Amino acid sequence: MKDNSNPKKENSLKHVLFGSLIGTTIEFFDFYIYANAAVLVFPQLFFPSTDNTNSVLLSLATFSIAFLSRPLGSAVFGHYGDKIGRKTTLVIALLTMGISTVSIGFLPSYASIGIAAPLLLMLCRFGQGVGLGGEWGGAVLLAIENAPPNKRAWYGMFPQLGAPIGLLLSGGTFLILTDTMSADAFLDYGWRIPFIASSLLVVVGFYIRLKITETPAFENSKKEQEEVKIPFITLLKFYKNQLIFGTFAAITTFLVFYLMTVFTLSWATSDLGYSKRDFLLIQLFSVLFFALFIPVSALIADRIGRRKMLIYATTAIAFFGFAFSFFLNSGSTILVTLFLCVGMALMGFTYGPLGTFLSELFPTTVRYSGTSLTFNLAGIIGAAFAPMIAIWLATQYSLTYVGFYLSTAACISLFSLLMISKKEHKF
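It should be emphasised that the depicted structure is a prediction, and the values quoted were computed from it without experimental measurement. (Residues numbered from 1 in each chain as written. Predicted model: local features only at pLDDT ≥ 70, side-chain atom pairs only at ≥ 80, totals over all residues. Heavy atoms only, no water.)

## A look at a nonpolar patch on the surface
A contiguous nonpolar surface patch, about 730 Å² in accessible area, is contributed by Phe 319, Phe 322, Trp 392, Tyr 397, Tyr 401 and Phe 404. Of note, Phe 404 is situated in helix α21 (residues 399-419). (Patch = residues over 30% accessible without salt bridge, like charges linked within 9 Å, V, L, I, M, F, W, Y side chains within 5 Å. Areas by Shrake-Rupley, 256 points an atom, 1.4 Å probe, with all protein chains shown as cover. Salt bridge = Lys/Arg side-chain N within 4 Å of Asp/Glu carboxyl O. Helix = DSSP H or I, 4+ residues; strand = E, 2+ residues; numbered from the N terminus.)

Now the structure itself:
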């Protein structure tokens, strides 16, 4: 009997880890194809204006909507994730994100239906945010709550890998489309292909999610009748410090990422003279460093501690901000590529252990809600308006001030990491 039970447990673990990875890969692919389109397509099709900068800013404003709706997704999906379980909640979150993304691929442009076009775009973007708000926390817990105590960061990095993989898929898709289609054809219908094609990924993810099992931590909590009535109220009442400091500890992770992706793509192609194709290639190369250093940071975090790893990574990002203008304004493709690679490597160092760190701040009964809310509230502060603020700072002042913006955020995160409770809750 012992021989039969071990393989079953091992297979279940593989399903869990792959299920957490495939889900976040799909979610982030959907999320990032919007980011690319918000820079490359939407300014012309949904926000036409005689002032190109104004069109880009309006397009990036819709990009921020998803960050504002993510806490709503965290609250709703987190509530049910803590009440009925991780598995069912994750399936619904995936469908919410998928339907919203596919719908964008069928939207008519401003030229066809006027102001209704950007309004519908904003509605779909809102749905993307709600879906991702519920997805990330559940996927992280799916992995971590099945992990041995000494390997939590390692298991927790599997859903984190969905971010660079999703980014590679979305950027690669746009690169292939722009290479194989004329500019007019791409603007007419080519940009719609990745949005509509994402439905195939959703079907795969849905199938895999149905095969996963509930986490042992949640099952034990149910058996011991530790359920709380309203997780959100419990969080506000007993875990305010974890919510506040956890949120600010994570803002730099968001800011460095969206400065390295959305802002640099917009600024380099509009003000530094890079073609969209060339800069997308540089960005895709740098994403490899993001993917590489996620597992590296997880291994280190399991040895020295998640909090300590984040303190080291955040300190490095604070110094990196002071070099922002020097590298990006250098006029050298080699230095710009090095700049993006270093920035993405730092992103990997801070992103790898982040999910594990946030989940350890809360007990099982409110862990889904607490982990999701801290992560997504950090998204509002650190990323929702980051590309717009960075463009404004660079335009009104200089790129040096964009670097100061990043360094200031890193100092705030560093302070929060030093202030936060070291107590870890049982799994």
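## Digging into helix α8 (residues 162-180)
Over its 19 residues, α8 extends 27 Å from the first C-alpha to the last, a length consistent with the 27 Å expected when each residue adds 1.5 Å. Of all the residues in α8, the buried ones are Gly 162, Ala 163, Pro 164, Gly 166, Leu 167, Ser 170, Gly 171, Gly 172, Phe 174, Leu 175 and Leu 177. (Expected span 1.5 Å × (residues − 1). Buried < 20%, exposed > 50% of the residue type's maximum accessible area, 1.4 Å probe, protein only.)

## Comments concerning the nonpolar core
Within the largest apolar cluster, 122 residues are counted, with the highest numbers of intra-cluster contacts made by Phe 42, Tyr 258, Phe 263 and Phe 324. In contact with Phe 263, other than residues within four places in its own chain, are Tyr 258, Phe 324, Leu 328, Pro 387, Ala 390, Ile 391, Ala 394, Leu 399 and Val 402. Counting residues in hydrophobic clusters, the runner-up holds 10 residues, among them Phe 77, Val 130, Leu 142 and Tyr 368. (Core = buried A, V, L, I, M, F, W, Y, C linked by side-chain atoms within 4.5 Å. Contact = heavy atoms within 4.5 Å.)

## Some points on the environment of Gly 382
Secondary-structure assignment places Gly 382 in helix α19 (residues 367-384). A residue is classified by how much of its surface remains accessible, and Gly 382, at 4% relative accessible area, is buried. Each C-alpha atom, one on Gly 382 and one on His 15, is 33 Å from the other, the two residues being 367 residues apart in sequence. Every residue in contact with Gly 382, bar those within four places of it in the chain, is listed here: Ile 251, Phe 254 and Leu 255.

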